[in-house]
Amino acid sequence: MKFIENLTNIWKIEELRNRIILTLGILLVYRFGAHIVLPGIDSTQLHELASKTSGGGLLDILNAFTGGAFANASVFALGIMPYISASIVVQLMGIMIPYLQKLQKEGESGRRKINQITRFLTIAICVVQAPAYLYGINQLGVPDSAFVLGKGVEFIVPAVLILVTGTIFAMWLGEKITDKGIGNGISLLIMVGIIARLPLAFAAEFDARVAQSNGGLMMILIEIIIWFVIILLCIYLIKATRQIPVQYARRTADGGVAVEKNIFGARQYIPLKLNASGVMPIIFAQALMFIPATVAGLSKSETALSIQQAFSNMFGFWYNLLFATMIILFTYFYTAITVPTNKMADDLKRSGGFIPGIRPGKETSDYLDKIMSLITLPGSIFLALIAVFPAFLKVIGMQDGWALFYGGTSLLILVGVAIDTMQQVNSYLLNRHYDGLMKTGKNRKA
């Protein structure tokens, strides 16, 4: 009843209702586009490509991020990933390039310029990836007869333009959701693509367990319970923080200094997240995991072939060992560049705040950096374990497609985007004097 009441309250807020309807409409357009095949390709001859991208390998992950558009040779085949790649590159370049550092400090105008740079870089990445995709699907089993217009310039040039335009259009849809809808648009596009594969993956697992008498309904029930437990762990990983107490000093009427908990007379904290880097370490590591198999494939020696085979199996031991190690390393790296402990210490000092027992300035910065290093270790290990957890489920005979929903980037994106969207809906409800969707430890009534 409470859930129905919350839905009713959501519908009563006109602005929120319009934003949700707009968001759902844009997501529907994106899903529709994922099934529009590129002109010049016979969709009836794409069965081999579909089988190659549904076997639990690296291509399966790439296909999941595009919502199946990769396997469909769709106009959205490149998905939104070129934009994600461009955003990562620009963010990393912001550490080294003074011009980008200056833009980051210019507020809204600087942010618009950075977004424009990201868009141009996205186009450049698409121009490289589009011909590689057209060549790659031919190598993955799509026969020459599927290219009804041939593979000459009269097909390649329009196809590349369509693929690039498809990514730009998807990027525009994501930005429209962010501006006019509800939630983070780019993340929602990725999430809806992942969710689109969930029913088929569960149906395949259900068929394997029940129809083929491989564990039956009891095994399905156990798997669902494990899935919800992993979701709860992901929520904890995303929301867990270490609270650092802060006090403030103020000048008294006689020129002295008085210490209070904060300017409002209540206790205040600096929340340092257990996992400040989100899913970015997994995305970084996943992108680099294509390299060992690709490089090994350039040689025909037995050693190279064994390496290629080992790192092409995402459920194998050596693949997951390297994957987990890279996630831990990238978690430290990404946390170091995204959590500005120096700036936090400076801002705290300027506002008259300090951490009890720690001198303001450099000592505060060093203390925060030390705390971040300490809490990042369990956070990175936790993140790595969730990322490689699907490999453990293969031991009990779980289907590849269904196992991928038990960890890795897919589940963390689903949980993270869901939490972010619910928080935005929650803020609308609370601003209109309704109970929020998410429990905050106390009821808020206005």
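Residues numbered from 1 in each chain as written. Predicted model: local features only at pLDDT ≥ 70, side-chain atom pairs only at ≥ 80, totals over all residues. Heavy atoms only, no water.

The name an unreviewed UniProt entry gives the protein is Protein translocase subunit SecY, with Capnocytophaga cynodegmi as the organism. Regarding the protein, the UniProt comment filed under Sequence similarities (unreviewed entry) reads as follows: "Belongs to the SecY/SEC61-alpha family." UniProt's Subunit (unreviewed entry) comment on the protein is quoted here verbatim: "Component of the Sec protein translocase complex. Heterotrimer consisting of SecY, SecE and SecG subunits. The heterotrimers can form oligomers, although 1 heterotrimer is thought to be able to translocate proteins. Interacts with the ribosome. Interacts with SecDF, and other proteins may be involved. Interacts with SecA." (UniProt positions renumbered as here; feature names shortened; annotations may be inferred.)

Moving on, we get to the overall build of the protein. Scanning the protein from N- to C-terminus turns up 19 helices and four strands. Here the analysis covers contacts within the protein between residues at least 6 apart in sequence; of these, 70% occur between residues at least 24 apart. (Helix = DSSP H or I, 4+ residues; strand = E, 2+ residues; numbered from the N terminus. Contact = heavy atoms within 4.5 Å.)

This part takes up the pattern of salt bridges. In total, this model carries eight salt bridges according to the counting rule given. Residue E175 is joined to R119 by a salt bridge in which the shortest nitrogen-to-oxygen separation is 3.1 Å. Of this pair, E175 sits in helix α8 (residues 153–180) while R119 sits in helix α7 (residues 108–139), placing them 56 residues apart in sequence. Since its relative accessible area comes to 17%, E175 is described here as buried. Assessed through its relative accessible area of 24%, R119 is described here as partly exposed. (Salt bridge = Lys/Arg side-chain N within 4 Å of Asp/Glu carboxyl O. Buried < 20%, exposed > 50% of the residue type's maximum accessible area, 1.4 Å probe, protein only.)

A few words on helix α10 (residues 198–211). Compared with an ideal rise of 1.5 Å per residue, which puts 14 residues at 20 Å, α10 spans 19 Å between its outermost C-alpha atoms and is within 8% of the ideal. Every buried residue belonging to α10 is among A201, E205, A208 and R209, and all of these are buried. Mapping the buried residues of α10 onto a view down its axis gives an arc of 90°, with all of them on the same face. Exposed side chains of α10 directed beyond 90 degrees from the buried face belong to P199, L200 and A211. Immediately downstream of α10, the backbone of S213 shows phi near 55°, a positive value. (Expected span 1.5 Å × (residues − 1). Arc of directions from axis to C-beta.)

Bringing the environment of S380 into the picture now. Tracing the backbone through its elements, the reader meets S380 in helix α17 (residues 362–393). Classification of S380 as buried rests on a relative accessible area of 0%. S380 sits 52 residues away from I328 along the chain, and the two C-alpha atoms are 4.9 Å apart.

The subject of this paragraph is the environment of V395. Residue position: V395 is located in the loop between α17 and α18 (400–403). Between the alpha carbons of V395 and F315 there is a distance of 9.6 Å; along the sequence they are 80 residues apart.

A separate point is the nonpolar core. Side chains of nonpolar character tend, in soluble globular proteins, to be buried together. Counting 106 residues, the largest nonpolar core has I80, Y133 and F323 as the members making the most contacts within it. Among the elements that make up this core, the one with the highest residue count is α17 (eleven residues). Structurally, this core is a two-domain feature, drawing no fewer than three residues from each of domain 1 (1–181) and domain 2 (195–249 + 268–434). When sequence neighbours within four positions are dropped, the list of residues in contact with F323 reads I282, A285, Q286, M289, A387 and V388. Counting seven residues, the second largest nonpolar core, distinct from the first, contains I10, I13, L16 and Y428. (Core = buried A, V, L, I, M, F, W, Y, C linked by side-chain atoms within 4.5 Å. Domains from an automatic or database assignment.)

In this section: helix α9 (residues 185–196). The end-to-end C-alpha distance of α9 is 17 Å, a good match for the 16 Å that twelve residues give at a rise of 1.5 Å each. Along α9, the positions that sit buried rather than exposed are G185, I186, L188, L189, I190, M191, V192, G193 and I194.

Moving on, we get to the side chain of S74. Its place among the elements puts S74 in the loop between α4 (58–65) and α5 (81–96). Reaching out from S74, the side chain makes a polar contact with the backbone oxygen of I36 at a distance of 3.4 Å. Not counting residues up to four positions away in its chain, the partners in contact with S74 are G33, A34, H35, I36, V37, L38, A69, Y133 and L163. (Polar contact = N/O pair within 3.5 Å; in protein donor to acceptor, adjacent residues only side chain to side chain.)

Confidence along the protein averages 81 in pLDDT terms, with 90% of residues attaining 70 or more. By mean pLDDT, strand β2 (residues 257–260) is the weakest element of the protein at 52, and α8 is the strongest at 91. Low pLDDT, under 50, characterises residues 262–266; the predicted model gives this stretch five contacts beyond four residues in sequence or across chains. In this model residues 440–446 is a low-confidence stretch, pLDDT under 50, and it forms four contacts with partners more than four residues away in sequence or in other chains. (pLDDT = per-residue confidence, 0-100.)

At a minimum axis separation of 11 Å, α5 and helix α15 (residues 317–338) run at an interaxial angle of 60°. With respect to each other, α5 and α15 are oriented oblique. The two elements α5 and α15 meet at a crossing, and its hand is left-handed. From α5, Q91, L92 and I95 reach across to α15, where they touch F333, Y334, I337 and T338. Classifying every residue of the contact of α5 with α15 gives five nonpolar, two polar and no charged. (Axes fitted to C-alpha atoms, helices over the stretch in contact; angles between N-to-C directions. Parallel < 35°, antiparallel > 145°, perpendicular 65-115°, else oblique. Left-handed = near helix turned anticlockwise from the far one by under 90°. Nonpolar A, V, L, I, M, F, W, Y, C, P; charged D, E, K, R; others polar.)

Moving on, we get to the side chain of E223. Following the sequence through the fold, E223 ends up in helix α11 (residues 216–239). A relative accessible area of 1% places E223 in the buried class. If we ignore the near neighbours within four places in the chain, the residues touching E223 are E205, R209, M398, W402 and Y406.

Moving on, we get to the packing of aromatic side chains. The geometry of an aromatic ring pair is captured by two quantities: the separation of the ring centres and the angle between the planes. Tallied over the full model, the rule gives 15 aromatic pairs. When the ring of Y319 is compared with that of F323, the centres are 5.9 Å apart and the planes differ by 45°; the resulting orientation is tilted. Residue Y319 and its partner F323 are located together in helix α15, separated by four residues, close to a single helical turn. Look at Y319 and you get buried, because its relative accessible area is 1%. An aromatic cluster is present here, built from F202, F206, W227, F228, W402, F405 and Y406 joined pairwise through their rings. (Phe/Tyr/Trp six-rings, centres within 6.5 Å; stacked < 30°, edge-to-face > 60°.)

A surface patch of nonpolar side chains, amounting to about 520 Å² of accessible area, comprises M218, L221, I222, I225, V229 and L233. Residue L221 is classed as partly exposed on the basis of its relative accessible area of 45%. (Patch = residues over 30% accessible without salt bridge, like charges linked within 9 Å, V, L, I, M, F, W, Y side chains within 5 Å. Areas by Shrake-Rupley, 256 points an atom, 1.4 Å probe, with all protein chains shown as cover.)

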